[in-house]
Structure formats: structure tokens, C-alpha cells
Amino acid sequence: MGHAMPITTVQTARRALLAGSALIGMGLAGCNSEKAATPPPQPQAQVSVVVLRSKPVAISAELPGRVSASLVAEVRPQVGGLIKSRLFREGSEVKAGNLLYEIDPATYQAALDSAIAALAKAEASVPNAQAKVDRYRDLIRQNAISKQDNDDANAALAQAQADVASAKANLDTARINLAFTKVTAPIGGRVDRSTLTPGALVTANQTTALTTIRQLHPINVDVIQSSTNLLKFRSAVDEGRLKLSGPNVAVKLKLDTGAEYAQSGKLEFAEANIDETTGTFTVRAEFPNPDRLLLPGMFVRAVIQEGVAENSFLLPQRAVTRNTKGEATAKFVGGDGKVEERVIATSRSVGNSWLVGQGVKDGERVIVEGGQLVRPGQTVTGNEVTIDEASGELKSANRQAALPAGPSAAPTQKN
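Computed from a predicted structure; not experimentally measured.

Caption draft 1: Seen up close, unusual backbone geometry. At the junction of His 217 and Pro 218, the peptide bond is cis and its omega measures out at 0 degrees in the coordinates. Within the secondary structure, Pro 218 is located in strand 9 (residues 211–226). Positive phi outside glycine occurs at Arg 292, with the angle close to 55 degrees. Of note, Arg 292 is situated in the loop between strand 12 (280–287) and strand 13 (299–316). Taking relative accessible area as the criterion, Arg 292 reaches 23% and is therefore assigned partly exposed.

Written out as C-alpha cells, the structure reads:
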């Protein structure tokens, strides 16, 4: 029969067991709290970047303009009478010399016949006067006639010859007036509506035009340019920031619908004076218009190629924001993978980009998407993209530029 363990010994053993369990629990709790204090690893922010490259950029100015016909002729009668007939279709194309109207020629035909008869009468008196002068020439040598008679004979011949010249001039005038009864097109182009109908009475050089002809191919576009822009442009050329693209500067058109006109034009001239009221001057460009799409009076926007800016950068507009001072800013990703925010100087817009001549370097990466989710100094991963110039949409580049990982990407230690 075994001996019973003393009560004090059992109590001591229980206390030791409870103390050990408490120590083990405290150790486990400490380990769990250490694990809870270590945050889980966070992935780096993803941003889209565009690599900037310096290149020559064509500088253009988009200016408002109005279309005007290259030639305009208001058709007016040059003789009076009744309109006998109209010989063109309103709104059609006519060629120079085409018959437009016919004025009743009866009175002018009669005037022509009378002029012909007057010329014949004047010419008939010349031979008799000439024969008399020839006879008197021999008689005056023989002193058979007086000098006065000889002078009278020569004067009569001169008078007869003058009457012939006058009759010829009157005949030419009658022929011209008769020809004017047929009103022809002075230029080729599109003819407007007729203001008068057959049977209407017209007068020579009247105020009201019978119709108007406008030449639409080629056609002119008058563009308004400010004197300030002219001075800036010349200053940029003098300083070497712009290079002229040549004397025949290309001009493009944007129609009122926003579509681009298919034909390119060329500058014809610029006015030599500045309007004192508006401070502007007019530049005229000429465009082919074979389809007659452009009509006089139409509003368009002309895009004029002013020159070329060498060693410039095009910064996507979606990458540029404004700070509280109104300055243009952009975020860049440096070589260490950290975000840098910088104030830049934009001069003008070119398509979907801003033209920047200073403040950026070749090969720098500017953030075009995701910039609002990151802050300066943050380490990010940049994916290189390109931007469609037409739509402004982002497209993946042939390769992805993953920037170097920062300290936050280091693996965490396990307990």
C-alpha cells in the first residue's frame, strides 16, 4: 500500500504548473504581438510614363478667317435697251466670253448701217479732191492759177480725208455698241441669280448689276493676325529659336464643322499696315477648290506653319496641372524611381501637347497617368507608354520601363 503524497507537496506542484503555463502564454502573446506590429508588404504604385525626346517642332498658328472669291465681277449693261433674252442657268459655271444676256439690237443695228453709209459718202469725196490738188500742182508751177486757189484745193482734200477718219470712228463706235447688246461673262466662275428678267429696261452702266460672277477655283482665305504675334514671331526668328520653313509657307484649313480641309494652301501676301482700331492685319492665303466646297463668306480656321523650333520637347497636356499660383507643373520619375514635381514653362500648344523649350532634359520620364495618386518623393513603378496624336489615347510601348525598387519593396523577415 503506497504512501499518500502530502497535501503541501501537491499544492506546490500545482502552483508550479500554473506558473509555467502562464509563462508560456505570455511568451506566445509576446510573439503574436510582434507579428501584429510588423505591417504586411505594400506593392509599389503603378504609373504610366512617357519618355521625352528633343526634336524640331513645326510651329503653327490657328487663326480665324473668312473665305472670299479670288475674282469677282458684277455684270452691268454698257448700252441701254430692253433685255431680249437671258442665256444662262442661274447658279451654274460659266466661262469667260459666254453669252449671258441679249439686249434688243434694232436701234444699234440701224446706227451701224448709218455709220457705214456715212463712211461711204466721206470716202467718195476724197478722189475728186485729190485729182483737183494734182491738177493745181502743175498749174501753180506755170503761174496759171493763184496761190489761194491751190491752198483751197489742198484744204478741201484734207477736209475730205478728215471726214473719212471721222466716219470710220463713228462706224467703230456703232459696231462696239451693237456688240454690247450681247452681254458676255468677263471672267469664268459661278454665276449668281439674275436680278432682271427678259423685257426689263436697262441703261448703260446702271447701279444695279444684272448678275455677279465669282471665281471659286482657286479661292482666297483672309486671316486676321495680331501685331503682337507678328512681333513675337520676328523676335523668335531673330534670336534663332525659330527657323523659317521657306517662302512658300504651307497653310491648312479647319472647317466650321471641325473637319480638316483636304487641300493645302499657300500664303499670298500680308497687308503692310496695321488696323488702328483692332491692332490687327490681314494675311491672305490661296487654296485649290476643285469641288467648290469652300464658298465666299464661309467661316474657317487657318493653321499657318510659321517655322520650326529646334531642340524642343512636346509635353503631353494630360501630364500638366496647375498649382495654386497658376503655374504649370508636371510630375517626373527620376532614375531612382522616386516621384519629382517640377514647375515648367509652356509656350504654346501643339496638338495634344505643350511646347517646352527649357526645364526638361532628353530621356526624362514624365507621368501621364496615375500622377494624382502619388506624391513627390514616393517610389513608384513606371510603365512606358505612347500617346496617339490623333485621339490622345495611351498605348503600351514595345517595352515596359520598370523603375528601380525602393526600400519599401525589400522582403520582410519572418519570425
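What follows continues from the structure just given.
Caption draft 2: Broad picture of the packing of helix 2 (residues 106–141) against helix 3 (residues 147–180). Relative orientation of the contacting elements helix 2 and helix 3 amounts to 160 degrees, with a least axis distance of 7 Å. Compared by their axis directions, helix 2 and helix 3 come out roughly antiparallel. Considering only the axes of helix 2 and helix 3, their crossing is left-handed.

Caption draft 3: Region of interest: the sheet that holds strand 8 (residues 201–202). With antiparallel pairing, the four strands of this open sheet are ordered in space as 6-5-3-8. Of all strands in the sheet, those bounded by a partner on one side alone are strand 6 (182–184) and strand 8. Here strand 5 (residues 99–103) pairs with strand 6 via three bridges, running antiparallel. Across the sheet, residue Leu 99 finds its bridge partner in strand 6, namely Thr 184.

Caption draft 4: How the structure looks around the pairing of strand 1 (residues 45–51). In this sheet, strand 20 (residues 380–387) lies alongside strand 1 in parallel orientation, the contact comprising five bridges. Bridge pairing in strand 20 links Ala 45 to Val 380. Relative to strand 19 (residues 365–369), strand 1 runs antiparallel, the two being bridged by four bridges. Bridging from a neighbouring strand, Val 49 pairs with Ile 367 of strand 19.

Caption draft 5: Expanded view of the environment of Ala 106. Here Ala 106 lies in helix 2. Given a relative accessible area of 47%, Ala 106 falls into the partly exposed group. Along the primary structure Ala 106 and Thr 181 are separated by 75 residues, whereas in three dimensions their C-alpha atoms are 9.7 Å apart.

About the cut-offs
- Residues numbered from 1 in each chain as written.
- Predicted model: local features only at pLDDT ≥ 70, side-chain atom pairs only at ≥ 80, totals over all residues.
- Heavy atoms only, no water.
- Helix = DSSP H or I, 4+ residues; strand = E, 2+ residues; numbered from the N terminus.
- Buried < 20%, exposed > 50% of the residue type's maximum accessible area, 1.4 Å probe, protein only.
- Axes fitted to C-alpha atoms, helices over the stretch in contact; angles between N-to-C directions.
- Parallel < 35°, antiparallel > 145°, perpendicular 65-115°, else oblique.
- Left-handed = near helix turned anticlockwise from the far one by under 90°.
- Pairing = 2+ DSSP bridges.

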